[in-house]
Amino acid sequence: MVLYTSPFPNSFLSVLHSFSWGLIFPCYWLADRLVASFVPTTYEKRQRADDPCYFHALCIIITTPIYLALLVASLPFALIGFLLWSPLQSARRPYIYSRLEDKNHANGATLLTEWKAAGNGKSFCFGSANVCLLPDSLARFNNVFNTQARAKEIGRRIRNGASRPQIKIYIDSPTNTSISAASFSSLVSPQGGDSTNHTVNSGIKRTTLMEYKGDNSGSNKGEDSREDKGRTREPNEGEENSCIVRINGEDNGHMSDTETDAINSQAHASSPAEPSLEGDAEISKTPNHKQKEGDSGSLDSCSASQESLVKVHVGDGTVDQSTVKNKLLYKASIMKKTSVRKNKHTDETFDHEISAFFPANLDFLCLQEVFDKRAAEKLKEQLHHYFEYIVYDVGVYSCHSCCSFKFVNSGLLFASRYPVMDAAYHCYPNGRGTDSLASKGALFLKVQVGSTPQDQRIVGYISCTHLQAIAGDTTVQCEQLDMLQDWLSEFRKSTSSSSTGNPEELVAFDVICGDLNFDNCSSEDKLEQQHSLFIHYKDPCRIGPGEDKPWAIGTLLDPEGLYDEEVCTPDNLQKVLESEEGRKGYLVYPTSKNYSSSQKGRKASLKGNGRRIDYMLYTEEGLYLEWKVEVEEFSFITQLASLTDHLPVAMRLMVSTGDDDP
């Protein structure tokens, strides 16, 4: 299947489309700004409350007539542009495929060779997030604003979180799982590759963040650097850019002052300044640490040497400081492991956490509500610093292929570190209300993740979707789930080049990601909870229809509280969501019939741990028979705090192949 790298089949149609959109854009922009000026966010309301001169009200009085006059003047041009733009959509392709052109940063081909070397299998990490990148006037109804700046910052945070090495620090404590060191705040859980790590089952409820400097092998060629490298351990297969740091403690799980001081002397806390979203300027990061010789920067670095990943042992009050000699700043994960007092959910077979960062070595990313085209371009530019392959601007416009007129695309975006082999998009034809104005649908992708010694391709299937959002449309959502299953089955059949007798391809995984707009606890969503999709695909957070696992939390945030000081940063939001009382104040909950319109203080009617409407599903059906797929880690992520009203989710799958490759 040919992947479409441009929205139209020839340059003439592309030029004509650009010309028509150029006529429409001034009217669109003026209308957007006019409406946005009358829909303030809570952040703006708080700022204006401190304005004794009512400066903003004065600005609205002055600018509104100007906007209206310009809007009326631009309408004739917009009408002409619309008459050109609308029929062109029948020739438009359903998505744009973008591949990183900078060969120095492209590594997709290199990743494909890793599967041959892996004896026992390989893990893959998937992420999903609803980022609410609508036109600014519409985004404000969800209490978020400045779509263009948010898009850039969302992309920057995702790539920074995913590009850091996966440093895994376990705290061994027989009596307590608390951490007393004040220099820690949050991160990731273990990845496959080291079999000893899999004994930590559900032992993480919180990961904390520590600044860690890795050795920069390219910048320091002195004797000290060579001696440090001699002491390092090469990561096991499947532990790309990962490091194991194990801390054994007998003092009730608390690090001693000696241990804390020793680590803190090597781990300087750095707090990047939160960017202002007031303007559409380039967002920069200003670490407060002083750059020393050999330092190569912050999380923006995507190329940490594996030789820089050290193994630190802390015990009996002593620390070998030479093993923590460093050159790069990275966030480290603190995971609590107990030998006597076990965590509450000991029956869980995989790690789960609330993390302040996207998982390290994130392989695939599915985003929803990337509706604004300019924001999509800014987001794509940022994500290309980490992901080599991106599919964006997915959907249809006008009356093409769907029953009703579509003003915006599907809002779906897919990013991958592995090569995309095939892609297909389908639009849900049964959208209702305001949802019918968007071409919501499903994006299906086939990616190559490796090859066997016999040159058989190893592939995976990923589906990204966004269902009807209006409450009470149970029948519509169930019909869309039916279509999703049918389209996925057709896509797998049409893109498979294997037969039973001649398996040219081996399927490693089949994953569905997206915002399904229903949860597993609300009584109003019973029909969706019992849909056949959950028979064929597994939800790691779900026990059964109407019941989630105790550690699963909601992914829909209360928009009114997005800018509260308690939750406006990733670390603060993480801390709040770890407590039951905090979740009741800042998550949207499934409600009973005694529903009260007040979000805060409404505790009697709350059920579960919040409305979890963002899903990560996987299946064991249709995969290579001799392989086993199991969840290794599941995360609820707070890194996009104050940028969207949803919590991103991530899942790491381990594909086990046994001792020998097939």
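Treat the numbers as computed from the prediction; the structure is a model and nothing was measured.

### Brief notes about the overall build of the chain
Inference 1: Scanning the chain for helices and strands turns up 15 helices and 21 strands.
Inference 2: The buried share of the chain, taken over its 662 residues, is 59%.
Inference 3: The long-range share in the chain, meaning contacts at least 24 apart out of those at least 6 apart in sequence, stands at 79%.
Inference 4: For the chain, the accessible area works out to roughly 27100 Å², and carbon and sulfur atoms hold 54% of it.

### Looking at the pairing of strand β20 (residues 628-637)
Inference 1: Extensive coverage of β20 is indicated by the burial of eight of its 10 residues.
Inference 2: Here five bridges tie strand β9 (residues 351-355) to β20, and the two strands are oriented parallel to one another. Within β20, the residue paired with Glu353 across the bridge is Ser635.

### What about the packing of helix α7 (residues 147-163) against helix α10 (residues 373-383)?
Inference 1: Between α7 and α10, whose axes approach to 8 Å, the crossing angle comes to 20°. For the element pair α7 / α10, the angle class is roughly parallel. Crossing handedness for the pair α7 and α10: right-handed. Between α7, through Thr147, Gln148, Ala151, Lys152, Ile154, Gly155, Arg156, Ile158 and Arg159, and α10, the contact on the second element is made entirely by Arg374, Ala375, Lys378, Leu379, Gln382 and Leu383.
Inference 2: Residues belonging to the contact of α7 with α10 are distributed by class as follows: six nonpolar, four polar and five charged.

### Observations concerning the sheet that holds strand β15 (residues 457-466)
Inference 1: Pairing is mixed across the open sheet formed by five strands, whose spatial order is β13-β14-β15-β16-β19. A single partner strand is all that each edge strand has here, and the edge strands are β13 (420-427) and β19 (614-618). Taking each pair of neighbouring strands and ignoring which way they run, the sheet shows an average axis angle of 15°.
Inference 2: Where helix α11 (residues 474-495) meets the sheet, it contacts β13, β14 (441-451), β15 and β16 (505-515), and its direction lies at approximately 35° from that of β14.

### Some points on the packing of aromatic side chains
What describes a pair of aromatic rings is the distance from one ring centre to the other and the angle between the planes of the rings.
Inference 1: Within this structure, the stated rule accounts for 31 aromatic pairs.
Inference 2: Seen from their ring centres, Tyr386 and Phe387 are 4.8 Å apart, and the 90° between their planes marks the pair as edge-to-face. Take Tyr386 and Phe387: they sit in the same class, and that class is buried.
Inference 3: Taking the ring centre of Trp21 as reference, the NZ or CZ of Lys373 above it sits at 5.9 Å.
Inference 4: Between Arg542 and the ring centre of Phe534, over which it is positioned, the NZ or CZ distance is 4.3 Å.

Calculation notes
Residues numbered from 1 in each chain as written. Predicted model: local features only at pLDDT ≥ 70, side-chain atom pairs only at ≥ 80, totals over all residues. Heavy atoms only, no water. Helix = DSSP H or I, 4+ residues; strand = E, 2+ residues; numbered from the N terminus. Buried < 20%, exposed > 50% of the residue type's maximum accessible area, 1.4 Å probe, protein only. Contact = heavy atoms within 4.5 Å. Areas by Shrake-Rupley, 256 points an atom, 1.4 Å probe, with all protein chains shown as cover. Pairing = 2+ DSSP bridges. Axes fitted to C-alpha atoms, helices over the stretch in contact; angles between N-to-C directions. Parallel < 35°, antiparallel > 145°, perpendicular 65-115°, else oblique. Left-handed = near helix turned anticlockwise from the far one by under 90°. Nonpolar A, V, L, I, M, F, W, Y, C, P; charged D, E, K, R; others polar. Phe/Tyr/Trp six-rings, centres within 6.5 Å; stacked < 30°, edge-to-face > 60°. Lys NZ or Arg CZ within 6 Å of the ring centre and 35° of its normal.

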